[in-house]
Amino acid sequence: MWMSFWDWLLPLMGLGLLLYYWGMSTYRRFTKPEVPHLKPLPFIGNLGTMMLKNMSFHDLMSKYYNGLKDHGYGVFFMFRQPTVMISDPELIKAVAVKDFEYFTDRSTTVFENGDPLWRNILINLKGRVWRDMRSTLSPAFTSSKMKMMFVLVSDCCQQFVNFLDECYENTPAKDCIIKKDGDMLILELKDFYTRYTNDVIATTVFGLGVDSFRQPKNEFYTMGQKTLNFGSLRLLLFVSMPKVLTMLGLDLFPRRIGNFFRVIVKDTISTRERKGIIRPDLLHLLMQAKKGILQDENSSEQHKSDRKQLDDEDVVAQAVMFFIAGFDSSSTLLCFVTYLLAVHPDIQARLQKEIDDTLKEGGGKFTHEALYGMKYLDMVVSETLRLYPPIPAVDRLCIRNYTLKSNPPIELVPGDNLSLPVFGLHRDPKYFPDPERFDPERFSDENKHKINPSTYMPFGVGPRICIGNRFALMQTKLAVAYLLSRFNLKVTPKTPIPIIMEQKGFNMTVKGGFWLGLEKRST
């Protein structure tokens with residue numbers, strides 16, 4: 001006999017009530033009246049707006065920040081995961097620097113299962129393992145090592161400006177990524193710059209010579225696109241519910257991607273060791289670290305770490321980390337720098353004068369020392385990083401009981417997630433007057449000392465600051481210098497004004513694409 005609706009009603013109500021309490025169970029500690037928090041919904045927490053409107057991570061973090069900043073700290077919820085947002089600069093300094101030993105780890109557990117390649121990446125390591133790996137790798141990112149790789153990056157810049165010159169002098173082929181309209185080249189910046197950063201990473205990290213402008217479908221570039229071509233919802237699910245998804249045996253990255261990089265790195269290492277090849281790139285430095293002979297410029301003796309002995313899998317993992325960081329984050333930064341220069345022609349003209357003067361003093365060439373002597377270029381890039389930081393927030397994981405000296409104080413326990421709201425702080429008029437305005441003068445010698453370091457952290461903050469920030473700045477500044485030395489950046493009818501940000505995969509982009517025009521400068 002079929003059960004009637006009323007026979008099913010009571011069990012269904014009981015199941016619904018049980019699910020409701022499970023969906024709310026992780027919220028209880030942080031939804032007390034004395035704790036500032038955003039009111040969560042069962043299961044989805046505070047993610048409703050993002051899921052319905054495809055809001056970018058940056059805009060989402062800004063929304064959370066503005067809702068909680070008056071309290072110095074507050075709690076928001078990503079699905080069932082509570083996150084304590086720290087917005088007061090003094091509390092940020094305490095958590096990220098002074099009391100770092102309580103918050104040494106990052107909060108995500110995305111890579112703790114699945115392919116060990118991703119688990120061994122520096123940014124995913126925890127505790128003593130992270131400290132040892134960071135200590136082992138740090139000598140590879142000193143100023144002298146950046147100078148060593150400067151020539152390789154400069155060659156990539158020369159490669160792309162020569163390609164642009166060819167497109168300007170000759171009608172580009174139909175399948176070319178660059179189009180010509182009269183005396184102007186028309187291009188989509190994201191596509192263009194990912195090819196540049198792909199070639200930089202290929203040569204400086206993996207020791208490969210790649211030209212992604214003339215060979216637009218080369219395997220290395222195609223694999224780079226696949227690596228980062230993940231929807232924002234999938235990424236958000238892995239960040240917010242990693243344990244659930246890893247229990248289901250799911251990986252964020254397909255295994256074939258990790259295997260592709262393994263083959264390249266291990267084959268290159270084998271060839272170099274067999275033939276005695278030495279090349280001034282990051283892979284050579286990682287090979288030195290593996291042998292324990294990586295030279296530290298701050299010491300007269302060779303750097304020999306007895307704390308972390310690298311193996312081939314460690315070398316592959318770190319190479320892949322730099323690929324992921326360099327391929328997309330740096331190309332996104334370049335997009336915003338050149339976009340802002342195009343819509344602010346007065347700033348562009350001032351920067352071009354500095355570039356021209358630098359080339360004149362250097363006999364028509366850029367040098368490592370000259371690049372770092374270009375103060376206005378540094379001001380432009382720094383202000384762009386304020387407006388459009390690569391990361392919307394810095395995450396930390398509490399590993400020991402800690403009392404956050406807020407008002408009122410809050411007790412944190414091991415396993416609590418923290419978020420330092422980079423994007424929100426960078427756009428707060430309390431710290432950056434008229435924050436929506438692009439003003440490189442904020443970072444002039446006369447003004448930059450006024451900026452509280454705990455309110456400006458585009459590459460993170462404290463001991464876990466991005467290890468490759470020097471490299472990212474070098475490849476960004478050098479590309480801008482080369483491009484503006486030969487071309488003027490122009491707004492076109494397709495240029496998005498104002499910008500509407502959207503999330504695609506790991507980083508933000510602009511709705512409709514970054515379209516600009518390039519006009520050849522008169523010589």
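Details of the structure are given in the entry above.
Residues numbered from 1 in each chain as written. Predicted model: local features only at pLDDT ≥ 70, side-chain atom pairs only at ≥ 80, totals over all residues. Heavy atoms only, no water.

1. Brief notes about the sheet that holds strand β11 (residues 487-490)
- Here we have four strands laid out as an open sheet, ordered β3-β4-β14-β11, and antiparallel in their pairing. The strands lining the two open edges of the sheet, one partner per strand, are β3 (179-181) and β11. Neighbour to neighbour, the strand axes of the sheet diverge by 35 degrees on average, direction disregarded.
- Examined bridge by bridge, β11 and strand β14 (residues 515-520) share four bridges and lie antiparallel to one another. Bridge assignment links Phe-487 to a residue of β14, and that residue is Lys-520. (Pairing = 2+ DSSP bridges. Helix = DSSP H or I, 4+ residues; strand = E, 2+ residues; numbered from the N terminus. Axes fitted to C-alpha atoms, helices over the stretch in contact; angles between N-to-C directions.)

2. Considering the packing of helix α14 (residues 312-343) against helix α17 (residues 375-387)
- Their axes nearest at 10 Å, the elements α14 and α17 cross at an angle of 110 degrees. In terms of axis orientation, α14 runs roughly perpendicular to α17. Here Leu-333, Phe-336, Val-337, Leu-340 and Leu-341 of α14 come into contact with α17, specifically with Val-380, Thr-384, Leu-385 and Leu-387.
- Residues that form the contact of α14 with α17 fall into these classes: eight nonpolar, one polar and no charged. (Parallel < 35°, antiparallel > 145°, perpendicular 65-115°, else oblique. Contact = heavy atoms within 4.5 Å. Nonpolar A, V, L, I, M, F, W, Y, C, P; charged D, E, K, R; others polar.)

3. A look at the pairing of β14
- As paired elements, strand β4 (residues 184-188) and β14 share five bridges and run antiparallel to each other. For Leu-185, the partnering residue across the bridge sits in β14 and is Leu-518.

4. What to know about the sheet that holds strand β7 (residues 394-397)
- Read from one edge to the other, the open sheet built from four strands follows the order β1-β2-β10-β7, with strand pairing classed as mixed. Of all strands in the sheet, those with a lone pairing partner are β1 (73-78) and β7, marking the two edges. Across the sheet, the mean angle separating the axes of adjacent strands is 30 degrees when strand polarity is ignored.
- In this structure, strand β2 (residues 81-86) lies alongside strand β10 (residues 417-420), joined through three bridges in parallel fashion. Bridge pairing links Val-84 to Leu-418 in β10.
- Most of the contacts of helix α3 (residues 57-68) go to β1, to which it runs at about 140 degrees, and overall it touches β1, β2 and β10.

5. Here we look at the packing of aromatic side chains
- For the structure on display, the rule yields 29 aromatic pairs.
- Summarising the aromatic geometry, the rings of Phe-220 and Phe-261 are spaced 6.2 Å apart at their centres and angled 90 degrees between planes, so their arrangement reads as edge-to-face. One end of the pair, Phe-220, is in helix α9 (residues 219-228); the other, Phe-261, is in helix α12 (residues 255-275), with 41 residues separating them in the sequence. Each member of the pair, Phe-220 as well as Phe-261, is classed as buried. (Phe/Tyr/Trp six-rings, centres within 6.5 Å; stacked < 30°, edge-to-face > 60°. Buried < 20%, exposed > 50% of the residue type's maximum accessible area, 1.4 Å probe, protein only.)

6. Concerning the state of the cysteines
- Counted by the stated rule, this structure contains zero disulfides.
- Here Cys-157 is not cross-linked by a disulfide; its sulfur's nearest cysteine counterpart is in Cys-156, at 7.0 Å. (Disulfide = S-S within 2.5 Å.)

7. Details of helix α8 (residues 189-204)
- For α8, which comprises 16 residues, the first-to-last C-alpha distance of 22 Å matches the rise-based estimate of 22 Å (1.5 Å per residue) to within 8%.
- At the N-terminal boundary of α8, the capping side chain belongs to Glu-188, with an oxygen 3.2 Å from the backbone nitrogen of Lys-190. (Expected span 1.5 Å × (residues − 1). Polar contact = N/O pair within 3.5 Å; in protein donor to acceptor, adjacent residues only side chain to side chain.)

8. Observations regarding the pairing of β10
- Side-chain alternation along β10 places Asn-417 and Ser-419 on one buried face and Leu-418 and Leu-420 on a second face that is also buried.
- Of the pairings in the sheet, the one linking β7 to β10 comprises four bridges and is antiparallel in character. Residue pairing across strands places Arg-396 opposite Leu-418, the latter belonging to β10.

9. Overview of the pattern of salt bridges
- Inspection of the entire model under this criterion finds 28 salt bridges.
- Residue Asp-395 pairs with Arg-106 through a salt bridge whose shortest N-O separation is 2.9 Å. Residue Asp-395 is located in strand β7, and its partner Arg-106 is located in the loop between α4 (89-98) and α5 (116-119); the two are separated by 289 residues in the primary sequence.
- Judged by relative accessible area, which is 24%, Arg-106 ranks as partly exposed.
- Taking the shortest distance from any N to any O, the salt bridge between Arg-350 and Glu-441 comes out at 2.7 Å. Taken together, the residues span a long stretch of sequence, with Arg-350 in helix α15 (residues 345-361) and Glu-441 in the loop between α18 (422-426) and α19 (469-486) at a distance of 91 residues. (Salt bridge = Lys/Arg side-chain N within 4 Å of Asp/Glu carboxyl O.)

10. Remarks on the nonpolar core
- Judged by nonpolar contacts, the single largest core of 118 residues is most densely connected at Phe-160, Ile-178, Tyr-196 and Phe-206.
- No other element matches α14, which puts 19 residues into this core.
- Of all hydrophobic cores here, the second largest spans 39 residues; its members include Val-35, Phe-79, Ala-393 and Leu-420. (Core = buried A, V, L, I, M, F, W, Y, C linked by side-chain atoms within 4.5 Å.)

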